[in-house]
Amino acid sequence: MSVELKLVFASVQEAANALAKLGAPTTAAPAAAKPEPAATPAAPKEAKAKEPAGTPASSSAAPADSPAPAESKAAAAEKPVDAPTYEKSGLPEKIKQAVGKDRAGVIALLKEFGVAKGPELKPEQFAAFGEKIDALIGAGDLA
């Protein structure tokens, strides 16, 4: 398992300071940091002004905040894979079949689920809608 962290800093100096607090090597950061403060002198001062007010919160908040978005992105990436899609649910074919038999019934059923079109159905609605559309198709066979 690999974990990727992306940290965003306002300046190279701010990144070097954060890495220094963590005890990480900063071989490339000081060389790049020297021109940066001259170009944007206000950025490091603002960062320093913010840090003393909540130094423990600031240093612990940056690492704690970063994994959370990474975890939520990973969780979001897994949900679509695990969650059934409208196309894979078999509902498009069932709706087409039902429309051929009872268009008004299909429209009423979609309205019952609060949608105007099949693709607007939520994955948690697929099973219940599928049962009702099957009943509608079956009722059309008896007529």
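Placed above this text is the structure.
Below, the structure is looked at part by part. Throughout this description, residue numbers start from 1 for each chain and increase along the sequence as written. Two thresholds apply to this predicted model, a pLDDT of at least 70 for residue-level local features and 80 or more for giving and counting side-chain atom pairs, whereas whole-chain, interface and lining totals are computed over all residues. Computation of side-chain values: all heavy atoms of the structure, hydrogens and water removed.

Some remarks on the overall build of the chain
Working step 1: Runs of E in the DSSP output that reach at least two residues are strands. Runs of H or I that reach at least four are helices, and both are numbered from the N terminus. Secondary structure summary: the chain contains eight helices and zero strands in total.
Working step 2: Put simply, the chain runs from its N terminus to its C terminus through helices and strands in the order α-α-α-α-α-α-α-α.
Working step 3: Working definition: with a 1.4 Å probe on protein chains only, accessible area under 20% of the residue-type maximum means buried, over 50% means exposed, and in between means partly exposed. By residue count, 20% of the 143 residues in the chain fall in the buried class.
Working step 4: Intrachain contacts of the chain at a sequence separation of at least 6 include 56% that bridge at least 24 residues.
Working step 5: All accessibility values rest on the Shrake-Rupley procedure with a 1.4 Å probe; residue burial counts only the protein chains present in the view. When the accessible surface of the chain is split by element, carbon and sulfur atoms take 61% of a total near 10,000 Å². In this description, contact between two residues means that some pair of their heavy atoms is separated by no more than 4.5 Å.

A look at the nonpolar core
Working step 1: Counting 15 residues, the largest nonpolar core has Leu91, Ile95, Ala98, Val106, Leu121, Phe129 and Ile133 as the members making the most contacts within it.
Working step 2: Broken down by secondary-structure element, the contributors of at least two residues to this core are helix H7 (91–112) and helix H8 (126–142).
Working step 3: Looking at which element gives the most residues to this core, the answer is H7, with six residues.
Working step 4: Not counting residues up to four positions away in its chain, the partners in contact with phenylalanine 129 are Leu91, Ile95, Leu109, Leu110, Phe113 and Leu121. Among buried residues, the Ala, Val, Leu, Ile, Met, Phe, Trp, Tyr and Cys ones that are joined through side-chain atoms within 4.5 Å form a nonpolar core.

Here's the deal with the packing of aromatic side chains
Working step 1: For Phe, Tyr and Trp, where Trp contributes only its six-membered ring, two rings pair if their centres lie within 6.5 Å, and the inter-plane angle classes them as stacked under 30 degrees, edge-to-face over 60, or tilted in between. As enumerated under the stated definition, the model contains two aromatic pairs in all.
Working step 2: Here phenylalanine 113 and phenylalanine 129 contribute two aromatic rings whose centre-to-centre distance is 5.2 Å and whose plane-to-plane angle is 80°, an arrangement assigned as edge-to-face. Residue phenylalanine 113 is found in the loop between H7 and H8, and its partner phenylalanine 129 is found in helix H8; the two are separated by 16 residues along the sequence. Taken individually, phenylalanine 113 and phenylalanine 129 each receive the classification buried, so the pair is uniform in this respect.

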